[in-house]
Amino acid sequence: MIIQLEPSIAEPQKTSVVDAVKKIGYKPKHVATQYGDYVVCIGKKDFDIRTIGSLAGVRDVHYVSDEYQLVSSKWKVGKTAIDLGDGVKLGDGHFQIMAGPCSIESEEQVRKTVQHLQSCGVRVMRGGVFKPRSSPYAFRGMGIEGLKMFSAICRESGIKVITEVMEPAQIQPMYDYIDVYQVGARNSQNFNLLDELGRVDKPVMIKRGISGTIEELLYSAEYVFAGGNERLLLCERGIRTYEKASRNTFDINAVPILKEKTHLPVIVDPSHAIGIREYVEPVALAGVMAGADGIIIEIHEKPEEAASDGAQTLNFEESERLFRKIREVVALQERW
Ligand code: PEP
Ligand code: MN
């Protein structure tokens, strides 16, 4: 059960609400986010909802039959849109393309990519500076100095920045230079990181774990929301299965299922989902067709020379063609 409190509620009234739900037998947790004050009540009790609904400072009371609560679509009217500013919105009818290299490598690379994105009308650039790599000998990113350079060039050009955060200690140093924190598949259930991201007021995109279930992804988002940050995006990036013909298996089922289960925007990452450059396009278009609210794609001027994930990275020409096709599919869906 979720109790939505009035913004003007006074502390003693909050205490009365919490005491009242405890008396009924619920375990309450007070959650204050950028947009609202909630009491999440864990448990299942049979009681007259008016005893809570009529308390001073209560705006609304919602029964939520799912185990996760705040991210569930069962209480919120409509979908959530994440506003990155300057007209860049994601979700609730706002589709965004996010693209860029797997790793930020140099100033020249960032400048060329930004120019390319601008010429294609793409408003959000991706690029890792802290890279989770399977091998400790692989390129592990340019770190915070690389992020400062990446961010400065994007800011000059009106492009928003999404990049991966790997540990709680990186959150504050990154804060001024990013627009969206990305939680990678390997950190999808790093609960300390998720707790800490609940304390910041910038959007967080959580990727599905390498072998994570849809429910686990929703719980990861619930951690951040319950920590106080409701500006969340979920990302399907493929899961590990017995199939060896592709890097991962794109779980297209996850798109409509997530769209039904949560009010949060759903993003697809076809690059990591299939891991093979030639097939990124059909997988990307399928994800959009399935109802994704946005897409994140790896691109590089010379994929063969990319410091990481070159095999799944599109060159500028391929990406320009794909962006065009994606927009056609989005327009087709809007017509439907
Ligand atoms: C990435 O986005 O480059 C990345 C490492 O993705 P994932 O966490 O999905 O593997
Ligand atoms: Mn990558």
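From a predicted model like this one, the values you see are computed outputs, not experimental measurements.

Chemist: Talk me through the domain arrangement of the protein; I want residue IDs and the actual numbers.
Modeler: Segmentation of the protein into domains returns domain 1 (2-62) and domain 2 (82-335). Taking only C-alpha atoms into account, the centre of domain 1 sits 35 Å from that of domain 2. Between domain 1 and domain 2, the contact holds eight residues from the first and eight residues from the second. Carbon and sulfur atoms make up 52% of the area that domain 1 and domain 2 hide from each other, which totals about 620 Å². By the criterion of area lost to domain 2, the three top residues of domain 1 are Thr33, Gln34 and Tyr35, representing 61% of everything that side buries. Linking domain 1 to domain 2 there are five residue pairs in polar contact (both at pLDDT 80 or more). By residue number, the principal contributor to the side of domain 1 that touches domain 2 is strand β2 (residues 27-32), which donates three residues.

Chemist: Hey, could you go over the site of ligand 1 for me, with residue numbers and the actual values?
Modeler: Close to ligand 1 lie Cys102, Arg126, Lys131, Glu164, Gln182, Gly184, Ala185, Arg186, Lys207, Arg237, His272 and Glu298, which account for all nearby residues. A distance of 2.7 Å is found between an oxygen atom of ligand 1 and a backbone nitrogen or oxygen belonging to alanine 185. Relative to its free-state accessible area of 300 Å², ligand 1 is covered by the protein chains to the extent of 98%. Residues that form the shell around ligand 1 fall into these classes: two nonpolar, three polar and seven charged.

Chemist: I'd like a rundown of the pairing of strand β10 (residues 180-183), residues and numbers included.
Modeler: Residues Val180 and Gln182 of β10 are buried on one face, and the alternating residues Tyr181 and Val183, pointing to the opposite face, are buried as well. The pairing of strand β9 (residues 160-164) with β10 spans three bridges and is classified as parallel. What sits directly across from threonine 163, in β10, is tyrosine 181. Of the crossover connections in this fold, the one passing from β9 over helix α5 (residues 168-175) to the parallel β10 is right-handed. As judged from the three bridges shared by β10 and strand β11 (residues 204-207), these two strands associate in the parallel manner. Bridging from a neighbouring strand, tyrosine 181 pairs with valine 204 of β11. Following the backbone out of β10, through helix α6 (residues 191-197) and into the adjacent parallel β11, one traces a crossover that is right-handed.

Chemist: I'd like to hear about the pattern of salt bridges, residue by residue, with values.
Modeler: Under the criterion given, the structure shown has 25 salt bridges. Here arginine 126 ties to glutamate 298 by a salt bridge, and the two come within 3.3 Å at their closest N and O atoms. A residue pair is termed long-range when its members are at least 10 positions apart, and arginine 126 in strand β8 (residues 124-126) and glutamate 298 in strand β14 (residues 294-298) qualify at 172 residues. When its relative accessible area of 3% is taken as the criterion, arginine 126 is described as buried. Taking relative accessible area as the criterion, glutamate 298 reaches 0% and is therefore assigned buried. Here lysine 325 and glutamate 281 are joined by a salt bridge, their closest N and O atoms 2.6 Å apart. Of the two residues, lysine 325 sits in helix α11 (residues 316-335) while glutamate 281 sits in helix α10 (residues 277-289), which places them 44 residues apart along the sequence.

Reading the values: rules and limits
- Residues numbered from 1 in each chain as written.
- Chains lettered and ligands numbered in written order.
- Predicted model: local features only at pLDDT ≥ 70, side-chain atom pairs only at ≥ 80, totals over all residues.
- Heavy atoms only, no water.
- Domains from an automatic or database assignment.
- Contact = heavy atoms within 4.5 Å.
- Buried area = accessible area lost by both parts, 1.4 Å probe.
- Polar contact = N/O pair within 3.5 Å; in protein donor to acceptor, adjacent residues only side chain to side chain.
- Helix = DSSP H or I, 4+ residues; strand = E, 2+ residues; numbered from the N terminus.
- Near = heavy atom within 4 Å.
- Areas by Shrake-Rupley, 256 points an atom, 1.4 Å probe, with all protein chains shown as cover.
- Nonpolar A, V, L, I, M, F, W, Y, C, P; charged D, E, K, R; others polar.
- Buried < 20%, exposed > 50% of the residue type's maximum accessible area, 1.4 Å probe, protein only.
- Pairing = 2+ DSSP bridges.
- Right-handed = clockwise from strand over helix to strand, strands pointing away.
- Salt bridge = Lys/Arg side-chain N within 4 Å of Asp/Glu carboxyl O.

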